[in-house]
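Structure at a glance
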Amino acid sequence: MGQTLGCIQVDQSTVAVKEQFGKFDEVLEPGCHCLPWCLGYQVAGSLSLRVQQLDVHCETKTKDNVFVTVVASIQYRALAENAADALYKLSNTKGQIQSYVFDVIRATVPRMELDAAFEQKNEIAKAVEEELEKAMSGYGYEIVQTLIVDIEPDIHVKRAMNEINAAARLRVAANEKAEAEKILQIKRAEGEAESKYLSGLGIARQRQAIVDGLRDSVLAFSENVPGTSARDVMDMILVTQYFDTMKEVGATSKSSAVFIPHGPGSVKDVASQIRQGLLQAESIKH
């Protein structure tokens, strides 16, 4: 805004207040205006119509006695039609807005706990905006937007909150790990049980096949060689299996030694013991 030879220029997005002999006359819009000073005209002041922002830092405490610093961002502007009120009625606009913000925040936040204050930032901003709109409209200002941009607790409170959160997460992780180990142990036990069950079935079927094979061999030999009893055939089969076992032990590549009584009498004793074991197994089966 400039003034030369009784003419004044009002910039865009700006209004000026014209006085005559110290009395309000009119609001000058952007452009060039004539103010003959000899007739007592002068400019009392100018107002920007642009949106301005004021950041207010307010310290207060919550319902659970935690001190926090609330940062409120107030966006406001002067109204062209009420420029006279904005210029004459209010001497310190930012100080007035700051006082109202302090009053509303310190009346609202102490009714909330810390977690609720974080969750209800919009309610705090709405309360501040409503109170400012009601108060500043009488001074020619419009509240465009009110934002609660930050709620900063005391550094010790923040550290304690982080530790609580970390402890809770560690507890959840420990529970999950314990559940995983429990599942692994259960699955391992189920696998071992299934393995032992199948191994038992295999051994039982193997023994049954051996018994069935021996029985078929005895019957076939008795039918093809007259005069032989089942016991004679059984003794011969056992002796044959005994020598086959001795052959396998001797042919193995591992350096192991097996001490078995050897001789015709020993063979007879082995046959007797094997026969007795098979008969006992057969009796238990039936």
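Before reading further, recall that the structure is shown in the block above.
The rules behind these values
Residues numbered from 1 in each chain as written. Predicted model: local features only at pLDDT ≥ 70, side-chain atom pairs only at ≥ 80, totals over all residues. Heavy atoms only, no water. Helix = DSSP H or I, 4+ residues; strand = E, 2+ residues; numbered from the N terminus. Contact = heavy atoms within 4.5 Å. Expected span 1.5 Å × (residues − 1). Buried < 20%, exposed > 50% of the residue type's maximum accessible area, 1.4 Å probe, protein only. Arc of directions from axis to C-beta. Patch = residues over 30% accessible without salt bridge, like charges linked within 9 Å, V, L, I, M, F, W, Y side chains within 5 Å. Areas by Shrake-Rupley, 256 points an atom, 1.4 Å probe, with all protein chains shown as cover. Salt bridge = Lys/Arg side-chain N within 4 Å of Asp/Glu carboxyl O. Lys, Arg positive; Asp, Glu negative; His and termini not counted. Charge placed at Lys NZ, Arg CZ, Asp CG, Glu CD. Pairing = 2+ DSSP bridges. Axes fitted to C-alpha atoms, helices over the stretch in contact; angles between N-to-C directions.

For Val17, the position within the fold is in strand β3 (residues 14-20). Considering only alpha carbons, one finds Val17 and Leu28, eleven residues apart in sequence, at a separation of 6.1 Å. Contact partners of Val17, with chain neighbours within four places excluded, come to Phe24, Glu26, Gln42, Val43, Ala44, Gly45, Ala83, Leu87 and Tyr88.

To continue, consider helix α4 (residues 121-136). For α4, with 16 residues, the first-to-last C-alpha span of 22 Å sits near the 22 Å given by 1.5 Å per residue. Here α4 has its buried residues at Ile124, Ala125, Val128, Leu132, Ala135 and Met136. Viewed end-on, α4 has its buried residues packed into an arc of 100°, placing them on one side of the element. Along α4, exposed side chains directed more than 90 degrees from the buried face belong to Asn122, Lys126 and Lys134.

This paragraph deals with a negative patch on the surface. There is a patch of like negative charges on the surface, built from Asp64, Glu113, Asp115 and Glu119. Secondary-structure assignment places Asp115 in helix α3 (residues 114-119).

Strands sit in the order β7-β8-β9 across an open sheet of three strands; the sheet is antiparallel. Every interior strand has two partners, whereas the edge strands, β7 (52-61) and β9 (141-153), have only one. In this sheet, adjacent strand axes meet at a mean angle of 20° when their direction is disregarded. As paired elements, strand β8 (residues 67-78) and β9 share eleven bridges and run antiparallel to each other. Within the sheet, the bridge partner assigned to Val68 lies in β9 and is Pro153. Lying over the sheet, helix α2 (residues 93-108) contacts β7, β8 and β9, oriented at roughly 35° with respect to β7. Contacts from α4 reach β8 and β9 within the one sheet, and its direction differs from that of β9 by about 145°.

It is worth spelling out the pattern of salt bridges at this point. Pairing of side chains with opposite charge becomes possible as their charged atoms draw close. Under the definition given, this model contains six salt bridges. Between Glu26 and Lys18 there is a salt bridge, and its shortest N-O distance comes to 3.0 Å. What makes Glu26 partly exposed here is its relative accessible area of 35%. Residues Lys89 and Asp85 are paired through a salt bridge, measuring 3.7 Å at the closest nitrogen-oxygen approach. Residue Asp85 is classed as partly exposed on the basis of its relative accessible area of 27%. Each member of the salt-bridge network shares a partner with another, and the members are Lys18, Asp25 and Glu26.

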